[in-house]
Amino acid sequence: KVDDGSTVLDTYAVLTGSLGFGADGDKLRPILTNLLNTWGENPSEYLAMMMNVPKDKFEKAGILTEFMKHHDLIPSYARDVTKAFQSTDRQDFAIAEDRLK
């Protein structure tokens, strides 16, 4: 949530150019952190909100069809990779998990 109670998905910004067109990294970092955290919490909702088009309309209109094929593979890939990492070394996996929190 941002200070006024709206979500980061309600806020629009363009961040581009060399050095963000002179943008202050200390001011941008919290915005970008919030965007990435929001995306990580629910990537499907974030994408629909970012594009302002629900997923079913994406599909019907044929928008981003190749991208969505890759996007839809992410959850099962993430589960498989997580299981592989966990089975390789449970102790190191637990340490990594703690560090990511």
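Calculation criteria
- Residues numbered from 1 in each chain as written.
- Predicted model: local features only at pLDDT ≥ 70, side-chain atom pairs only at ≥ 80, totals over all residues.
- Heavy atoms only, no water.
- Helix = DSSP H or I, 4+ residues; strand = E, 2+ residues; numbered from the N terminus.
- Buried < 20%, exposed > 50% of the residue type's maximum accessible area, 1.4 Å probe, protein only.
- Areas by Shrake-Rupley, 256 points an atom, 1.4 Å probe, with all protein chains shown as cover.
- Patch = residues over 30% accessible without salt bridge, like charges linked within 9 Å, V, L, I, M, F, W, Y side chains within 5 Å.
- Salt bridge = Lys/Arg side-chain N within 4 Å of Asp/Glu carboxyl O.
- pLDDT = per-residue confidence, 0-100.

### Here we look at the overall build of the protein chain
Argument step 1. A tally of helices and strands in the protein chain yields six helices and zero strands.
Argument step 2. In sequence order, the secondary structure elements of the protein chain are arranged as α-α-α-α-α-α.
Argument step 3. Within the span of the protein chain, comprising 101 residues, buried residues form 12% of the whole.
Argument step 4. Total accessible area on the protein chain stands at roughly 8,400 Å², and carbon and sulfur atoms take up 58% of it.

### Thoughts on a nonpolar patch on the surface
Argument step 1. Taken together, the side chains of Ile63, Leu64 and Phe67 define a hydrophobic patch exposed on the protein surface, amounting to about 230 Å² of accessible area.
Argument step 2. Assignment of secondary structure puts Phe67 in helix H5 (residues 65-88).
Argument step 3. For Phe67, a relative accessible area of 38% corresponds to the partly exposed category.

### Comments concerning the pattern of salt bridges
Argument step 1. Inspection of every chain in the model, using the stated rule, returns two salt bridges.
Argument step 2. With its nearest N and O atoms 2.8 Å apart, the salt bridge here joins Glu66 to Lys69. Of this pair, Glu66 and Lys69 are both found in helix H5, three residues apart, which corresponds to roughly one turn of the helix.
Argument step 3. Since its relative accessible area comes to 47%, Glu66 is described here as partly exposed.
Argument step 4. The partner of Lys101 in a salt bridge is Asp98, and the shortest N-O contact between them spans 4.0 Å. For the pair Lys101 and Asp98, a shared accessibility class is recorded, and that class is exposed.

### Side note on the confidence of the model for the protein chain
Argument step 1. Per-residue pLDDT for the protein chain has a mean of 75; in total, 67% of the residues score no lower than 70.
Argument step 2. Of all helices and strands in the protein chain, the one with the weakest mean pLDDT is helix H1 (residues 19-22) (55), whereas helix H6 (residues 90-100) scores best (90).

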